[in-house]
Amino acid sequence: MDRVKFQGGICVFIDELREQLGDDKVLSEDFERYVYGADWSPRTKEEIFPPDVVIVPKNTEDVAKTVKIAYEHAIPVTAGGGLTGMAGGAVPIHKGIYIDSTSMNQIIDVDVPNQTIRAQAGATLQEINDALEEHGLWLPNLPESKWICTIGSEIACDNDSTFGMRYGKILNALLSVQIVTGSGEILELGHRKCHFTSSGYKLKDLLVGSEGTLGVITEATLKVEPIPRERRVEMIIFSSMGTAVKFLDRLLKAGLTIEGAHINCKRRLKFYTHAYRKKYGKDPEIPDWAGALLAIIFAGDKEVVDFERNYALGIAEEMKGELVKEREIVKGWWISKHTLEFPPFKQKWPDSQREKKFGAVDPGIPMGRLEEFYDVFVKTAEKYNLQILGMNAYLEHPNSIGFSLSCALFVDYHDQDEVNRYLKYFEDMAKAAVDFEGTMSTYMSDTNLKVPYFEYEHGESAKYMKKVKDIFDPKGIMNPGKKFEYKGDVK
Ligand SMILES: Cc1cc2nc3c(=O)[nH]c(=O)nc-3n(C[C@H](O)[C@H](O)[C@H](O)COP(=O)(O)OP(=O)(O)OC[C@H]3O[C@@H](n4cnc5c(N)ncnc54)[C@H](O)[C@@H]3O)c2cc1C
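Student: Would you mind going over the sheet that holds strand β5 (residues 77-80) with me for this structure?
Tutor: Strand pairing in a sheet is mediated by backbone hydrogen bonds. Such pairs are either parallel or antiparallel. With respect to topology, four strands assemble into an open sheet ordered β3-β4-β6-β5, the strand pairing being mixed. The sheet is open, and its two edges are formed by β3 (26-27) and β5, each paired on a single side. Helix-sheet contacts for helix α1 (residues 12-21) involve β3, β4 (53-55) and β6 (97-100), and the interaxial angle to β4 is about 20°. Strand contacts of helix α3 (residues 60-73): β4, β5 and β6, with the helix running at about 170° to β6, the strand carrying the most contacts.

Student: Looking at this structure, how should I read the site of the ligand?
Tutor: In the vicinity of the ligand, 33 residues are found, and the nearest of them are Ala79, Gly82, Thr84, Ser145 and Asn159. The separation between an oxygen atom of the ligand and a polar main-chain atom of glycine 81 is 2.7 Å. Measuring from an oxygen atom of the ligand, one finds a backbone N or O atom of glycine 85 at 2.9 Å. Those elements that place two or more of their residues in the shell around the ligand are β5, α5 (151-157) and β12 (215-223). Split into classes, the residues belonging to the shell around the ligand amount to 16 nonpolar, 14 polar and three charged. Counting contributing residues per domain, the shell around the ligand is built from domain 1 (6-102) and domain 2 (107-226), each supplying no fewer than three.

Student: Would you explain the packing of aromatic side chains in this entry?
Tutor: Given two aromatic rings, one states the distance between the centres and the angle between the planes to describe the pair. Summed over the entire model, instances satisfying the criterion amount to 14 aromatic pairs. An angle of 75° between the planes, with centres 5.0 Å apart, marks the rings of tryptophan 138 and phenylalanine 163 as edge-to-face. A residue pair is termed long-range when its members are at least 10 positions apart, and tryptophan 138 in strand β9 (residues 137-138) and phenylalanine 163 in the loop between α5 and α6 (164-167) qualify at 25 residues. Taken as a pair, tryptophan 138 and phenylalanine 163 share a single burial class, namely buried. Centroid distance tyrosine 422 to phenylalanine 426: 5.8 Å. Interplanar angle 80°. Geometry classified as edge-to-face. In this pair, tyrosine 422 and phenylalanine 426 both sit in helix α15 (residues 416-435), four residues apart, roughly one turn of the helix. On the basis of relative accessible area, tyrosine 422 is assigned to the buried category, the value being 1%. An aromatic cluster is defined as three or more aromatic residues linked by ring pairs; in this entry it consists of Trp138, Phe163, Tyr167, Trp333 and Trp334. Sitting over the ring of phenylalanine 436, arginine 369 keeps its end group 4.3 Å from the ring centre.

Student: Looking at this model, I keep getting lost on a negative patch on the surface. Mind explaining?
Tutor: A cluster of acidic residues, Glu127, Asp130, Glu133 and Glu134, forms a negative patch at the surface. Here glutamate 133 shows up in helix α4 (residues 125-133).

Student: Before we go on, may I ask you to explain unusual backbone geometry in this structure?
Tutor: The backbone of arginine 192 sits at a positive phi, close to 50°, despite the residue not being glycine. With respect to the helices and strands, the residue arginine 192 is situated in the loop between β11 (186-190) and α7 (203-207).

Student: Explain the sheet that holds strand β8 (residues 116-120) to me, please; I cannot follow it from the model alone.
Tutor: Strand order in this open sheet of five strands is β7-β8-β12-β10-β11, and the pairing throughout is antiparallel. Of all strands in the sheet, those with a lone pairing partner are β7 (107-111) and β11, marking the two edges. Between one strand axis and the next, the sheet turns through 15° on average, direction left out of account. Against the sheet, α4 touches β7 and β8, its axis set at about 40° to β7.

Student: Help me out: how do you make sense of α3 in this one?
Tutor: Each full turn of the α-helix corresponds to 3.6 residues, which orients residues three or four apart in the same direction. Between its first and last C-alpha, α3 extends 20 Å over 14 residues, near the 20 Å set by a 1.5 Å rise per residue. Among the residues of α3, those classed as buried are Thr60, Asp62, Val63, Ala64, Thr66, Val67, Ile69 and Ala70. Between a side-chain oxygen at the N-terminus of α3 and the backbone nitrogen of glutamate 61 the separation is 3.3 Å; the capping residue is asparagine 59. Within two residues after α3, alanine 74 carries a phi angle of roughly 55°, on the positive side.

Student: Could you clarify how one ought to interpret the nonpolar core in this entry?
Tutor: In summary, soluble globular proteins display a tendency toward joint burial of nonpolar side chains. With 62 residues, the main nonpolar core has Ile263 and Tyr425 as its most contacted residues. Residues from two domains meet in this core; each of domain 3 (230-339) and domain 4 (356-451) gives at least three. Counting 49 residues, the second-largest nonpolar core is a separate cluster that includes Ala131, Phe163, Tyr276 and Ile286.

So, how was this worked out
- Residues numbered from 1 in each chain as written.
- Predicted model: local features only at pLDDT ≥ 70, side-chain atom pairs only at ≥ 80, totals over all residues.
- Heavy atoms only, no water.
- Pairing = 2+ DSSP bridges.
- Helix = DSSP H or I, 4+ residues; strand = E, 2+ residues; numbered from the N terminus.
- Contact = heavy atoms within 4.5 Å.
- Axes fitted to C-alpha atoms, helices over the stretch in contact; angles between N-to-C directions.
- Near = heavy atom within 4 Å.
- Polar contact = N/O pair within 3.5 Å; in protein donor to acceptor, adjacent residues only side chain to side chain.
- Nonpolar A, V, L, I, M, F, W, Y, C, P; charged D, E, K, R; others polar.
- Domains from an automatic or database assignment.
- Phe/Tyr/Trp six-rings, centres within 6.5 Å; stacked < 30°, edge-to-face > 60°.
- Buried < 20%, exposed > 50% of the residue type's maximum accessible area, 1.4 Å probe, protein only.
- Lys NZ or Arg CZ within 6 Å of the ring centre and 35° of its normal.
- Patch = residues over 30% accessible without salt bridge, like charges linked within 9 Å, V, L, I, M, F, W, Y side chains within 5 Å.
- Areas by Shrake-Rupley, 256 points an atom, 1.4 Å probe, with all protein chains shown as cover.
- Salt bridge = Lys/Arg side-chain N within 4 Å of Asp/Glu carboxyl O.
- Lys, Arg positive; Asp, Glu negative; His and termini not counted.
- Charge placed at Lys NZ, Arg CZ, Asp CG, Glu CD.
- Expected span 1.5 Å × (residues − 1).
- Core = buried A, V, L, I, M, F, W, Y, C linked by side-chain atoms within 4.5 Å.

Structure, rendered in structure tokens:
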């Protein structure tokens, strides 16, 4: 495809971008482009794909001008946020234009009486919550990466949240979203500040998990919540992951409203307690019989928190669960998960990110099959001779048991053979999740890694999905190669 026409080292379309946007918003030097060639996914240096040019837009109009030029020349466009994605979603594998949305991070409106916020897509979740805090409000749909993860990415990836068991995922908060389509048109999708509608089709929902393949998200309006007065985090040991699930089910039947719940396998806890090891020079002591460590969060007024906690602990005792009494272990997990009282990512990541990368798959499976799937995880990792980091089941559906799994390994990204084995593991796990009556993806979206299994999961509906993409992105230039194969054809 003759898309990049170099004239004395400068692309024609780059000149046009400079003309339309101004020099300061167009970055084309090697050192400026290189950092956009990879995210946090395990990949060797051969798999780093710097874009041809990077745009740092200030507003929706800048994005629309950029995409119109891309549309005219059929140049791939990839939008990205903090680049903390774990499966390469924002990596411009077909090069072209990269839109760095972090330069659009303005908070546009905090509407306190109606409990909504409007922000530009590049605002991080922390920036959004900083703007809400003085009003006693927060956006509770928070991944661990909230310091860096942008709201545009959270919508685009359909992230997991630490507080999913009460507030669900971002779909529960998203009221309206502005996008620039693949032909450069600006569209507002949604129902303004209202929580629901039965009018029209819910096109805004299509953006959740779209990973930039339908258009670039430029602004969003979100429903926010009052900050709870009190919070108590506990950790309970169970003999198996299945028993932890039964325990949570029993709490729901009793009428308790849990703010967050995370079922860690024993190996995974080790990953979360780096601070503990640093402080005491040893691993936290967990009994040999432990099959699962449930981290559970209660929040609300103090009396309610105390009541719910005590009621839950009574049920735990009946089910032979054991409360983790050493608060330092619980605190270590909580710091690592949410409060991050350390320079961002220094606590648990050095182990995994300097020498080896955190390589995870994110399947979803039905609630009764967690134990069985854990076996598949361990066996698949062993089959490819990969070092297990552990499994975590995040409870992500409000007031019910709906998992999103993180099945993680340590991957040496300097070793091509190990990265290849990890990719095989990734494929096997994606297929296994579908075979388990589940889904291959719950918080990373599809990226290019799941393209081979897209039809396996979606069957005939994959064709309808492609037609939807064609409406939003007629030339197939938006984050090409993600979800669907990209043949580089100009329509
Ligand atoms: C330490 C750490 C902890 C993490 N914890 C969690 C967690 O708890 N839960 C969880 O779900 N994930 C977690 N992640 C994974 C990752 O942070 C999230 O997936 C997050 O959404 C990525 O945000 P980002 O801004 O870095 O996105 P990027 O990696 O930059 O992009 C992610 C995807 O969004 C698309 N995108 C970005 N901006 C736009 C836009 N404006 N318009 C259209 N598409 C866009 C990109 O094309 C890409 O497909 C974690 C990662 C790290 C490194």
